[in-house]
Amino acid sequence: MFQRVTGTHVPQVLALDDIQISPPVLLAPMAGITDLPFRRMVARFGAGLVVSEMVASGEMLTKKPSVRAKARVEMGLELPTSVQLAGREAQPMAEAAKMVADMGARIIDINMGCPAKKVTGGASGSALMRDPDHALRLIEATVNAVDLPVTLKMRLGWCDDSRNAPEIARRAEAAGIRMIVVHGRTRMQFYKGEADWAAIAETRDAVKIPVVANGDIVDAASARVALAQSGAAGAMVGRGAQGAPWRLAEISHALFGAPAPTVPHGRALSEFISEHYEAILSFYGRDLGLRLARKHLGWYADEAGAPLRAEMMVSETPEATLSLIERAFGERMAA
């Protein structure tokens, strides 16, 4: 059940009630990125858990189709799906938790890590770390609202003078939180500098529930070091999966002996990207999907070193874009 990873024992299964997260390599929630089409692509290669993009609890209660789409869960997906909620008031968090549970979420995650000004300015995201008492009211309301496991994602603290993640973790565990993910930066760092994986160990030592390391984990090498320095029970991967939905499976194979993914190349890569592209258009509709897909095509091109990136960024029809995908990733790279 355990495998040594660079000097530390890491459980290969994280058990949250009846949910088995194995291997302990998780897809991070990323706004505008970890939508249902992208989660499907990651799930195809394998991961322990996939997490939705952040959903604002207050907006969820308006039942806007665009907001509910963020929390949409594919019932046939083999991997468990966690839906991440953000908010600043206890009652909307509780009601939104009930809604996403009814929609099929297996886990609910509370966002206390987003550093964006539009989120923290509304006393949500990592701003909650400045007021642990208020944060605990949100946590308790969410935990008490549903029968699902509730997890928490946060940072080391608001700033270097207030690294209170261990204190909040202890109180969150007592309130019923089942797993904690810590991004190894403070809010005031945003994404600057390097993640302090060693600092995550203080939170790991403060609780008995699993603690997962996050921040700058982009491949097997960085995941190995992050786990060694933090002593965390798992690794959460965000931007490392952009343009490489197979990245989590590569890490799982290297660190935990999971089956090696078959990474597509040439025509197989062209077909894979085309499928992802068409899934985006189907999910969002032609016009919006055309625009939203461009960032993914750019990441695929960057990852593969493919030509025609600039042309794909300005293509105005699905037909033209699909032709560019075939030329860039299929014909030219196969040659």
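Everything discussed here concerns the structure shown above.
In short, a report on the structure. Given the structure is predicted, the values throughout are model-derived calculations rather than measurements. (Residues numbered from 1 in each chain as written. Predicted model: local features only at pLDDT ≥ 70, side-chain atom pairs only at ≥ 80, totals over all residues. Heavy atoms only, no water.)

## Here we look at empty space enclosed by the protein
Then step 1. Applying the stated criterion across every chain, the model contains one cavity of 30 Å³ or more.
Then step 2. A volume near 50 Å³ is recorded for the largest cavity.
Then step 3. Around the largest cavity, the lining residues are L26, P29, L49, V51, S82, I107, D109, T151, K153, M179, V181 and M236.
Then step 4. Sorting the residues of the lining of the largest cavity by element identifies β9 (107-112), β10 (150-155) and β11 (179-183) as the ones contributing at least two each.
Then step 5. When the residues that make up the lining of the largest cavity are grouped by side-chain class, the tally is eight nonpolar, two polar and two charged. (1 Å grid on protein atoms, 1.4 Å probe; cavity = no way out; pocket = protein on both sides within 12 Å on 5 of 7 lines; lining within 4 Å. Points joined across faces, edges and corners; volume = space filled by probe spheres on them. Helix = DSSP H or I, 4+ residues; strand = E, 2+ residues; numbered from the N terminus. Nonpolar A, V, L, I, M, F, W, Y, C, P; charged D, E, K, R; others polar.)

## Let's talk about the pairing of strand β8 (residues 81-86)
Then step 1. Among the six residues that make up β8, six are buried, leaving the element largely enclosed by the rest of the structure.
Then step 2. Burial along β8 is two-sided: the face carrying T81, V83 and L85 and the face carrying S82, Q84 and A86 are both buried.
Then step 3. Where strand β6 (residues 50-51) lies against β8, two bridges are found, and the strand directions are parallel. Bridge pairing in β8 places V50 opposite T81.
Then step 4. Pairing of strand β7 (residues 55-56) with β8, which is carried by two bridges, proceeds in the parallel orientation. When the sheet's bridge partners are listed, V55 is paired in β8 with L85. (Buried < 20%, exposed > 50% of the residue type's maximum accessible area, 1.4 Å probe, protein only. Pairing = 2+ DSSP bridges.)

## A look at the environment of S323
Then step 1. Tracing the chain through its elements places S323 in helix α14 (residues 318-334).
Then step 2. Classification of S323 as partly exposed rests on a relative accessible area of 36%.
Then step 3. In the structure, S323 is positioned 208 residues away from P115 in sequence and 39 Å away in space, judged by C-alpha atoms.

## Quick word on the nonpolar core
Then step 1. Formed by 68 residues in total, the largest nonpolar core has its most connected members in M60, L85, M112, I139, L152, M154 and I177.
Then step 2. Setting aside its immediate chain neighbours within four residues, L85 contacts V55, M93, A96, A97, V100, I108, D109, I110 and N111.
Then step 3. By size, the runner-up hydrophobic cluster in this structure holds 23 residues, among which are W246, A249, F272 and M312. (Core = buried A, V, L, I, M, F, W, Y, C linked by side-chain atoms within 4.5 Å. Contact = heavy atoms within 4.5 Å.)

## Focus on the pattern of salt bridges
Then step 1. Under the defined criterion, the tally for this structure stands at 14 salt bridges.
Then step 2. With a shortest N-O distance of 2.5 Å, R44 and E275 are connected by a salt bridge. A residue pair is termed long-range when its members are at least 10 positions apart, and R44 in helix α1 (residues 36-45) and E275 in helix α11 (residues 266-284) qualify at 231 residues.
Then step 3. According to the relative accessible area criterion, R44 is partly exposed, its value standing at 45%.
Then step 4. Given a relative accessible area of 36%, E275 falls into the partly exposed group. (Salt bridge = Lys/Arg side-chain N within 4 Å of Asp/Glu carboxyl O.)

## A short note on the layout of surface pockets
Then step 1. A volume near 1000 Å³ is recorded for the largest pocket.
Then step 2. Within the residue set of the lining of the largest pocket, elements represented by two or more residues are β7, α2 (57-61), α3 (65-70), β8, α5 (117-120) and β10.
Then step 3. The element best represented in the lining of the largest pocket is α2, accounting for three residues.
Then step 4. Residue classes in the lining of the largest pocket are distributed as 19 nonpolar, 14 polar and 11 charged.
Then step 5. For the second largest pocket, the calculated volume is near 300 Å³.
Then step 6. Looking at the second largest pocket, it is lined by 16 residues, and the ones nearest its centre are S66, F283, Y284, L288 and L292.
Then step 7. Elements with a minimum of two residues in the lining of the second largest pocket: α3, α11 and α12 (286-304).
Then step 8. It is α12 that provides the largest number of residues to the lining of the second largest pocket, a total of five residues.
Then step 9. Grouping the constituent residues of the lining of the second largest pocket by class yields eight nonpolar, three polar and five charged.

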